[in-house]
Amino acid sequence: GEREGKGIWLPGMLSLLLGGCAASGSESGRALPPKARFASLGSSFAAGAGIGPLQAGTPERCSRTTNNYATLLAARLDLNLVDASCGGATSEHVLRGWSELPPQIDALDRETRLVTITVGGNDLGYVGWLFASSCRLGVAAFPGPCRPAAEPTDADYARLDRNLRAIAQQVRVRAPQARLVFVQYVTLLSDTACGLETVTPADAAVARRIAQRLASVTDGAARASGADVLDADRLSRSHTPCSPEPWSNGLSPGYNRTQGAPWHPNAAGHAAIARELASLLQARPALNRK
């Protein structure tokens, strides 16, 4: 399905973000106070896999870096960040925990004023599909045989939709003063793949379908809950791995992992998302905002 309501603010729903309290659109758009509590949730696309040093005292397997978009945003707006993001996380792990890790949603409390989240790609095997395609062409991201990958089913998308809506509901309950922003996944594929994107045309078409439906589900869950959306997918369409100023990494022979994880946003992508989030949070909401 086509995405609807791209970039449109729904002031009538914004009061949901304040636990049902009356709030005008301008109040919802006010700048956050200094030292406000800010929770970042999500997958490796939020954690910043491979783009810089790991945050001290966080689980190594989560790959939370010191220059991911949440950390940069917290520094820009002088916020107190609680980063619960983790590489490999699904929407289930936000709600219900993951092995030794507690549910990411537990990072929220009633003092939390901002919540950002990028999640859903692992629910659908989005990046796994790209890794598998590259591997079949002889460019492996991991040792051993190529890992199997399957296109997600309608049931997978429906499950993700339910979980994203449940996450939004939990944000309202646990952090009634918080503004919730869903941050879309950056665009990973150029219109025509170059040598930096080792993927077959057929597999690229599937990956684009997954990306589009992931974005559509995220938009729908945000609209239903009165949350904001940062359209990182749209903003990054001219910043794919093949572009002069890429915001993401592809995967190619001899890939240099010091640039960050393959098929993931790079450091420039995280910096761009932080800038765009700061602009969104400081702007006054307006109908039909583009």
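So, a few notes on the structure that sits alongside this text. As the structure is a prediction and not an experimental result, all values here were calculated from the model. (Residues numbered from 1 in each chain as written. Predicted model: local features only at pLDDT ≥ 70, side-chain atom pairs only at ≥ 80, totals over all residues. Heavy atoms only, no water.)

Moving on, we get to the packing of helix H7 (residues 126-136) against helix H9 (residues 201-225). Their axes nearest at 10 Å, the elements H7 and H9 cross at an angle of 170°. One way to sum up the angle between H7 and H9 is to call them roughly antiparallel. Contact with H7, carried on its side by Tyr126, Trp129, Leu130, Ser133 and Arg136, involves Asp203, Val206, Ala207, Ile210, Ala211 and Leu214 of H9 and no other residues of that element. Among the residues forming the contact of H7 with H9, the class breakdown is eight nonpolar, one polar and two charged. (Axes fitted to C-alpha atoms, helices over the stretch in contact; angles between N-to-C directions. Helix = DSSP H or I, 4+ residues; strand = E, 2+ residues; numbered from the N terminus. Parallel < 35°, antiparallel > 145°, perpendicular 65-115°, else oblique. Contact = heavy atoms within 4.5 Å. Nonpolar A, V, L, I, M, F, W, Y, C, P; charged D, E, K, R; others polar.)

The buried count for strand S4 (residues 179-183) comes to five of five residues, which makes it a mostly enclosed element. Of the two faces of S4, the one carrying Arg179, Val181 and Val183 and the one carrying Leu180 and Phe182 are both buried. Taken together, the four bridges between strand S3 (residues 112-118) and S4 define a ladder with parallel strand orientation. When the sheet's bridge partners are listed, Ile117 is paired in S4 with Phe182. With three bridges connecting them, S4 and strand S5 (residues 228-230) associate as parallel partners. The residue bridging Val181 from the neighbouring strand is Asp228, located in S5. (Buried < 20%, exposed > 50% of the residue type's maximum accessible area, 1.4 Å probe, protein only. Pairing = 2+ DSSP bridges.)

This next bit is on unusual backbone geometry. Although it is not a glycine, Ser99 sits at a positive phi angle of roughly 50°. By secondary structure assignment, the location of Ser99 is in the loop between helix H5 (91-96) and S3. Of the residues examined, Ser99 reaches a relative accessible area of 68% and is grouped as exposed.

Within the secondary structure layout, Ala222 lies in helix H9. Among the residues examined, Ala222 registers a relative accessible area of 0% and is labelled buried. Put simply, Ala222 and Val181 are 41 residues apart on the chain and 8.1 Å apart in space, counted from C-alpha to C-alpha.

Using the criterion set out here, one finds two cavities of 30 Å³ or more in the structure. By volume, the second largest cavity is sized at about 40 Å³. Considering the residues around the second largest cavity, the lining is formed by Ile117, Thr118, Val119, Leu164, Phe182, Val183, Gln184, Tyr185 and Thr218. Mapped onto the lining of the second largest cavity, the elements with two or more residues apiece are S3 and S4. Looking at side-chain class alone, the lining of the second largest cavity contains six nonpolar, three polar and no charged residues. (1 Å grid on protein atoms, 1.4 Å probe; cavity = no way out; pocket = protein on both sides within 12 Å on 5 of 7 lines; lining within 4 Å. Points joined across faces, edges and corners; volume = space filled by probe spheres on them.)

Let us now look at the layout of surface pockets. Here the largest pocket defines a volume of roughly 530 Å³. Of all the secondary structure elements, the ones that give two or more residues to the lining of the largest pocket are helix H3 (44-47), helix H6 (121-124) and H7. Examining the composition of the lining of the largest pocket, we find that six residues originate from one element, H7, more than from any other. Of the residues contributing to the lining of the largest pocket, the split by class is 19 nonpolar, nine polar and two charged. Roughly 450 Å³ of internal volume is contained in the second largest pocket. Taken together, 21 residues line the second largest pocket, and the ones lying closest to its centre are Thr187, Arg208, Ala211, Asp233 and Arg237. Mapped onto the lining of the second largest pocket, the elements with two or more residues apiece are H9 and helix H10 (232-235).

Turning our eyes to something else, we now look at the nonpolar core. Counting 68 residues, the largest nonpolar core has Leu41, Leu73, Leu108, Tyr126 and Trp263 as its most contacted members. It is H9 that contributes the most residues to this core, eight residues altogether. Once you skip the residues sitting within four places of it in the chain, Leu108 turns out to touch Arg37, Ala39, Leu41, Val115, Val171, Arg174 and Ala175. (Core = buried A, V, L, I, M, F, W, Y, C linked by side-chain atoms within 4.5 Å.)

Honestly, it's all geometry; don't read function into it.
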